[in-house]
Amino acid sequence: MKKLHVFLALLLMATTVFSQTRNLRNADRELNRDRLDRAVESIRLAMKEPENQVNFNAWFTQAKIFTAVANSHSPEIRALEPNAVNIAFESFQRVFEMDQRDPLITIALYSASLGNLVSAAYNKGAELFSASDFTGAMRAFQVSVNASALIDVVDTTAIFNVALCATNAGDVATAKEFFQKLVDMRANLPAAYTSLAVIFRDKNDTVSAGRYADLAAELFPNDYSAMINAASIHLMLGNYERASQILAIMSEEFSDNALVFFAKGVAFDQIGMTEEAEQSYLRAIELNPDLFEAIFNLAAHYVTRGMVIRAEANEVPMNEQRRYDELTELANETFRKAIPMLEKASEMDPGNIPVMSALRDIYVHLRMMDRATEITAQIEALQGR
């Protein structure tokens, strides 16, 4: 009886071996010998045979061969099948559909091979992204994501790359879908939250945009990019008070960052907190004396304040000459504060006509006619008069 069992076992093994067609055996052999050109030729012939269409080992062999092609360092081998990554993934899908063993067993059996495919797809995505083929890169990264999912692995970096490529390709729906996946799983990728907020902002869904910006600020209070992007989104939405709150937190954490104080100045300006805006711009310039935006905005801040005060002076009754003179002098004093800022801005960007025009108008208002004449000539020269 024991001999019969041994005989039956050997017969089963022989049946298993010989159930493989010659082309499939050749494909296996050439793959093991790293002769991928021959392996590709053999597996293509093998997969035309009906019996291999229902053989998960045949699909597995095809998956391994095209994964190896995609991972090859040889341009000639990769050229054998430019779509190798997708063919390999589709083959793995068929393997998982047909292999009815316990899922834990299948994951254990195929995880190493799928790991090779994940690597190949990821590298393909990076290569296509560098070549600015964002749609192709997106699809390659999607293969990486889906191949990982077959073995119950969630690759947040690959998911983010799909969304990033989709954004660059103008595929807003895919970008939203994959950024949303990351946000829903609370991934440690701050840019996903603010990118999703921007998508909603562009769709005029200001409530959702603000909510995701706030979520980024809540989850990543020590991350500069997350916080400044959240504040910027609120600024663009017109939520200046919320932006100033986020920036107030940032000014403690990033007390030496000029851009933080510049943004604070913008927020305070918009909600009418003039003194706070001025101090924020001054702090930004102190930290970075060459920050053009802060210099120009501080100048514009002074000009705006001066015009407000001058308008107030013009409303003073005729019989209140003293009050009129006080306000007029205060307006002129405020305009004078703008001069060094505008002169600095003009030095930094000599051809900036709006800056030069603002400076000329202040010179004229303050009766500084020599300087006004000089800068008028410069403007006319730039305009080709």
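Note that residues are indexed from 1 along each chain, following the sequence as it is written. Under the rules for a predicted model, residues below a pLDDT of 70 receive no local features and side-chain atom pairs below 80 are neither given nor counted, while totals for whole chains, interfaces and linings still include all residues. With hydrogens and water excluded, all non-hydrogen atoms of the structure serve as input to the side-chain values.

*Asks:* Summarise the pattern of salt bridges; cite the residues concerned and give the values.
*Replies:* A pair is scored as a salt bridge if a Lys or Arg side-chain nitrogen falls within 4 Å of a carboxyl oxygen belonging to Asp or Glu. One pass over the full model with this rule turns up 16 salt bridges. Note that Glu-30 is salt-bridged to Arg-35, the shortest N-O span being 2.7 Å. Here's how the labels work: a residue is buried when its accessible area is under 20% of the maximum for its type, exposed when over 50%, partly exposed in between, all with a 1.4 Å probe on protein chains only. The class for Glu-30 is buried, based on a relative accessible area of 8%. With a relative accessible area of 30%, Arg-35 lands in the partly exposed category. Residue Glu-343 pairs with Arg-371 through a salt bridge whose shortest N-O separation is 3.2 Å. Highlighted residues: Glu-343 in helix H19 (residues 321-348) and Arg-371 in helix H21 (residues 369-382), separated in sequence by 28 residues. Ionic contacts of the salt-bridge type, sharing partners, join the residues Glu-275, Glu-278, Arg-305 and Lys-337 into one network. Strands are runs of DSSP state E lasting at least two residues, helices are runs of H or I lasting at least four, and both sets are numbered from the N terminus onward.

*Asks:* Quick one: what's the story with helix H9 (residues 134-150), residue by residue and with numbers?
*Replies:* Because an α-helix completes one turn every 3.6 residues, residues spaced three or four positions apart along the sequence face the same direction. Multiply 1.5 Å by the residue count of a helix minus one, and that product is the helix's expected span. Taking 1.5 Å per residue, 17 residues should reach 24 Å; H9 reaches 24 Å between its end C-alpha atoms and fits that length. Asp-152 sits one or two residues past H9 and shows a positive phi near 60 degrees.

*Asks:* How would you sum up the packing of aromatic side chains? Please name residues and give values.
*Replies:* Stacked, tilted and edge-to-face are the three classes applied to pairs of Phe, Tyr and Trp rings, where Trp contributes its six-membered ring and a pair requires centres within 6.5 Å; stacked means planes under 30 degrees apart, edge-to-face means over 60, and tilted covers the rest. Scanning the entire structure with this criterion turns up eleven aromatic pairs. Taking the centre distance of 5.8 Å and the plane angle of 65 degrees together, the rings of Phe-160 and Phe-179 count as edge-to-face. Taken together, the residues Phe-160 in helix H10 (residues 156-169) and Phe-179 in helix H11 (residues 172-184) connect sequence positions 19 residues apart. As far as the burial class goes, Phe-160 and Phe-179 line up, both buried. Ring pairing ties together the aromatic residues Phe-60, Phe-92, Phe-96 and Tyr-110, which thus form one cluster. A cation sits over an aromatic face here: Lys-181 above Phe-178, 5.4 Å from the ring centre. As a reminder, the over-ring test applies to NZ of lysine and CZ of arginine, requiring each to be within 6 Å of the ring centre and within 35 degrees of the ring normal. Geometry around Tyr-212 places Arg-211 over its ring, the cationic atom sitting 5.1 Å from the centre.

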